[in-house]
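These are the residues of each chain, in order.
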Amino acid sequence: MSGDRHFTTADGCRIAYRIDGPDDRPVLALSNSIATNLHMWDRSMPALTRSFRVLRYDTRGHGGSDAPVGAYSMDRLGRDVVELLDHLAIDRAHFLGLSLGGFIGQWLAIFAPDRIDRLILSNTAPYLASELPFDDQIRAALAAPDMNGIADGFMRNWFPAAMLAAPNDIVDEFRNMVLTTPPRGLAGCYAALRDVDLRRVISLIAAPTLVIGGESDTVTRARHSADIAATITDAKLVLLHGVHILNVELADRFNREVARFLALSAT
């Protein structure tokens, strides 16, 4: 199966998804960062589809998925994934989430542990509300005449200065993802991040876990990654010399770490 498809969640939200790779391989689900969509993983597909049936989806409020008005919750974002797996008759999957996707991965491993095989949490945190002004960001997103200023801020947080200093196709692609994100979808996911605190409950995660962090990440900092790895039993921590969107900034190294960790499930 290839090409974008849709299914409708129990609360009536259409979610866009696609599957690539051989039908007979283990499923690897990918979850996107806030203000991006499933195409943030495009450059990872050649490497990942060699060994996995890769399921990507647009988090509600993003890409080809619906963007309901109002605050979203991490519980709802997590249940979107469970319902997607049900829709596709997938009992268990490996799960890789970056940033917001990493929050969703933590939720799934806590509250739907029977659905998650191996877990990879990249550039994420269990709690950010004390560090980021989410209410201000919600107001700014809903009031902005366009997404240009918001996109500029994301680029500064996501990529190293060297990538921003000259024309760059990757930066242009990601900037366009922000520009095409519905403001109400961005605001809804900001609310989910504002209202969630997983710091204590991630100690319940039993899935084998790899935590990947960026040493120069200014949003989900390296210490957040270290704290997650220290709280989840036997979690492995890898810190890379990069910023936030490590799957493209340091694609080869990122893909190697992912493949090496997931290969352990076959041993």
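Quick caveat: nothing in here was measured; it's all calculated off a predicted structure.

Conventions used here
- Every chain is numbered independently, its residues counted from 1 as its sequence is written.
- Under the rules for a predicted model, residues below a pLDDT of 70 receive no local features and side-chain atom pairs below 80 are neither given nor counted, while totals for whole chains, interfaces and linings still include all residues.
- Just so you know, side-chain values use all the structure's heavy atoms and leave hydrogens and water out.
- Each helix is a run of DSSP H or I of at least 4 residues and each strand a run of E of at least 2, with the numbering of both proceeding from the N terminus.
- Using a 1.4 Å probe on the protein chains alone, a residue whose accessible area is under 20% of its type maximum counts as buried, one over 50% counts as exposed, and one in between counts as partly exposed.
- The contact rule is simple, with two residues in contact once any of their heavy atoms fall within 4.5 Å.
- By convention in these notes, a salt bridge is any Lys or Arg side-chain nitrogen within 4 Å of a carboxyl oxygen on Asp or Glu.
- The directions from the helix axis to the C-beta atoms are what the arc is built from.
- Nitrogen and oxygen atoms within 3.5 Å of one another constitute a polar contact, given that in protein one can donate a hydrogen and the other can accept it, and given that sequence-neighbouring residues count only through two side-chain atoms.

## Quick word on the environment of F103
Structurally, F103 is set in helix 3 (residues 100-111). With relative accessibility at 1%, the residue F103 sits in the buried group. As for F103 and I90, which are separated by 13 residues in sequence, their C-alpha atoms are 21 Å apart. Discounting chain neighbours no more than four positions away, the residues touching F103 are M74, T124, A125, P126, Y127, L128, L193, V196 and L198.

## Some remarks on the pattern of salt bridges
Per the stated rule, a full pass over the model turns up 21 salt bridges. As a salt-bridge pair, D20 and R56 come within 2.9 Å of each other at their nearest N and O atoms. Highlighted residues: D20 in strand 2 (residues 14-20) and R56 in strand 4 (residues 53-57), separated in sequence by 36 residues. For the pair D20 and R56, one class covers both residues: buried. The partner of R253 in a salt bridge is E257, with the nearest N and O atoms 2.9 Å apart. Note that R253 and E257 are positioned in helix 11 (residues 251-263) at a spacing of four residues, about one turn of the helix. Several salt bridges share partner residues, and in doing so they unite D4, R18, D20, D42 and R56 into one network.

## With respect to helix 4 (residues 134-143)
Here helix 4 has its buried residues at F134, I138 and A141. Along helix 4, the residues classed as buried sweep out an arc of 70° about the axis, all on the same side. Looking at helix 4, the residues exposed on the side facing more than 90 degrees away from the buried face are R139 and A143.

## Observations regarding the side chain of R76
Relative to the assigned elements, R76 resides in helix 2 (residues 74-87). When its relative accessible area of 8% is taken as the criterion, R76 is described as buried. Separated by 2.9 Å, the side chains of R76 and E83 make a polar contact. Apart from the residues lying within four places of it in its own chain, the contact partners of R76 are T9, D11, R60 and E83.

Keep in mind these numbers describe shape, not what the thing actually does.
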